[in-house]
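So you can see what is in the structure, the chains are spelled out below.
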Amino acid sequence: MNELVFFINNVVIAGSVSGSIYAIGAVGVTLIFSIMRFAHFAHGDMMTFGAFMVLLLTTAFPGAGAAFGVPSALVLLPLAMALTALLAVGIDKAFYKPLRAHGVKPIVLVIGSLGVTLMLQGLIRLFAGTSGQSLYIDDRKEIFRLALPFEGVRAPVVVTEPQLYLFVITLVAVVGLHLFLSRSRLGKAMRAMSDNPDLAQASGINTNTIVAVTWVIAGGLAAIAGTLLSLDVTFKPDLSFFLLLPIFAAAIVGGVGHPYGAVAGGFVVGFAETLAVFNWSVLLRPFRDSLPEWLTQSGNLAFVGTEYKIVVPFFILVVILVWRPTGIFKGKVI
Amino acid sequence: MAAIIDVQHVHKAFGGLRVINDCSIQVEQGSITGLIGPNGAGKSTLFNIIAGALPLDSGRVLLDGEEITNRPANELFHKGLLRTFQIAHEFSQMTALENLMMVPPAQAGESLVNAWFKPALVRMQETEVRRRALEVIDFIGLHHVRNELAGNLSGGQKKLLELGRTMMTDARVVLLDEIAAGVNRTLLGDLVTNIERLNREMGYTFLVIEHDMDMIARLCDPVIVLAQGSVMVEGSIEEIQNDPQVIEAYFGAAS
């Protein structure tokens, strides 16, 4: 049983945590792609920016959460989401819109977004410094230890408070997005525009509004992902940047331009990562007697070492692109 | 009759290529005006300028006396100026019926507040829009494929769907860009009948780009001939067909 708890802690919970973060990030990337048809490389840094806003706000109002009984960072998250959405719309107005107006090829926008990445990273480093900082300023990070009611179980299932918030917020965000896209006229207009922008405009849909709405949603989601990630570990200026690869892998695995695919892709990549670095020898321990010796002798039976974790999304990406280039769900259109 | 579309001295160049050269045309209210001309005469460019898809270099475009120069297509849609595309456009991932239901403006569901807090109102309007879409899809004879994804329809059916789109809202002017191209003869007859009915019964004004001379002859009066970016001749189809200038432009020197 202890082995099972170990598995839950190291795979189920850890996989869900990275899966949720990747999912929220990938939804933003995929929405931007489906509306504007380019890969937005600055997404990781928009996530960092969101977390940075939370850090600033929490530093300014460290007691904000006390009244609600939740961490201040969480109470101030909506404000940070709004600021990040504003930043996203501003970046679009300042950098991407002029490029689009000139009718450039998507690759130019991609390069442009790389420039924005460097700029954002530089700015955040300038103001936040390069070291890690905790988003828990006045409050304590709760850790829940759930002992399983079985005999002989010593190790508890460990979940931290930010992880629980992460699961809940991911669920709410995904359901909310689904309702928005399928029920509201604005969501339908987004679907229409991702399908055929010229026709959408000729049908009376204001494409500028749709672009702005897309940035607001992507910016808001980026702030959520960045903040929850920083709550779980610590805030660092390059933390989210290094998630860019798994996030893009998730978006592509799910079928680019397909928000539900991005959610699924996020969890596929998240679980693949944790399963790949999981030490399987622990799970095999109870069956030691019935297994061949070569299998049980090694103390470490992980597929890849932890330091090679970053390779896993690459591997998935290659497999998916070879085996099913359009992703799990057929991509391109919301 | 008053001109509902008034194009005044429009110029448009792509790089060094002057495509529209001091072009002025008027489309009378309630008419079906044809726009013809040899390839490269600037018909589609002029169309795109009127429809707000291309910025013009100089000149003015008026819709019913109101200046609409360089206004975006979505604004023109709400003013009652609709267009179809030379290569049929459709929302490929939606059914034929949903394609039509996308069109009507100002539905309650457009506002998020309504979408989430007044579902009854939204549902009532959706029912109304659906009823109209079903009527339209009967009218254009696509009832049997209404639940197919529009991307899977044939080229001709997509053209019919384009015409159907213009019927979902109360249009004043409809720009038809080669609606007959790639449509078989039987369907074409339906199309012409439908356009005439819309013109007669619902008072739509049409501006039609067409290469099919039979269709122009059946449908359009007057006809404007465009050549090298400006108006060459304007008149009834008989006048056009007997004009030596037009014959020369189309068939080379008539000796």
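No experiment lies behind these values; they were computed from the predicted model shown. Sequence order as written defines residue numbering, which begins from 1 separately in each chain. Each chain gets a letter, beginning with A, and each ligand a number, beginning with 1, in the order they are written. Totals for whole chains, interfaces and linings use every residue, but because this is a predicted model, local features are given only for residues with pLDDT of at least 70 and side-chain atom pairs only at 80 or more, for both listing and counting.

So, about the overall build of chain A. Secondary structure summary: chain A contains 13 helices and two strands in total. The size measure is the radius of gyration over C-alpha atoms, and the globule rule it meets is 2.2 Å times the number of residues to the 0.38 power. Taking 334 residues into account, the globule formula puts the C-alpha radius of gyration at 20 Å, and chain A, at 21 Å, falls close to it. Considering only C-alpha atoms, chain A reaches an extent of 70 × 50 × 40 Å along its principal axes. To qualify as a helix, a DSSP run of H or I must reach at least 4 residues; to qualify as a strand, a run of E must reach at least 2; elements of each kind are numbered from the N terminus.

Residue and element names in this part refer to chain B. Of note, Glu238 is situated in helix 9 (residues 237-241). Judged by local crowding, Glu238 falls into the exposed class, with 11 C-beta atoms found within 10 Å. Through-space distance from the C-alpha of Glu238 to that of Glu126 is 47 Å; in sequence the pair is 112 residues apart. Burial in this document is a count-based property: other C-beta atoms within 10 Å of a residue's C-beta are tallied, and the residue is buried at 20 or more, exposed at 12 or fewer, or partly exposed in between, with C-beta positions derived from the backbone.

Further remarks concern the nonpolar core. One nonpolar core equals one set of buried Ala, Val, Leu, Ile, Met, Phe, Trp, Tyr and Cys residues connected by C-beta atoms within 7 Å. Ranked by size, the top nonpolar core spans 169 residues in total, and within it Val54(A) and Ala250(A) carry the most contacts. At 14 residues, helix 8 (residues 207-232) of chain A tops the list of elements feeding residues into this core. Domain extents, as shown, originate in an automatic or database domain assignment. Domain assignment of the residues forming this core places at least three in each of domain 1 (3-90 + 170-251) and domain 2 (91-152) of chain B. Any pair of residues counts as being in contact when their C-beta atoms, constructed from backbone geometry, are within 7 Å of one another. Those residues within four positions of Ala250(A) in sequence are excluded, and the remaining contacts are Tyr22(A), Ala23(A), Ala26(A), Ala262(A), Gly265(A), Gly266(A) and Val269(A).

Before going further, it helps to examine helix 2 (residues 43-60) of chain A. Taking 1.5 Å of rise per residue, 18 residues should cover 26 Å, and helix 2 of chain A covers 26 Å from first to last C-alpha, within 8% of that figure. Buried residues dominate helix 2 of chain A, accounting for 15 of its 18 residues. For a helix, the expected span equals 1.5 Å multiplied by the residue count minus one.

Right, let's get into the sheet that holds strand 2 (residues 17-28) of chain B. Hydrogen bonds between backbone atoms are what pair the strands of a sheet, whose relative direction is either parallel or antiparallel. Residues and elements named next belong to chain B. Think of it this way: DSSP has to see at least two bridges between two strands before they count as a pair. Strand order across the open sheet formed by four strands is 2-1-4-5, with antiparallel pairing between neighbours. Strands at the two margins of the open sheet, each flanked by one partner only, are strand 2 and strand 5 (66-67). By the bridge criterion, eight bridges tie strand 1 (residues 3-14) to strand 2 in an arrangement that is antiparallel. Paired with Ala3 across the bridge in strand 2 is Glu28.

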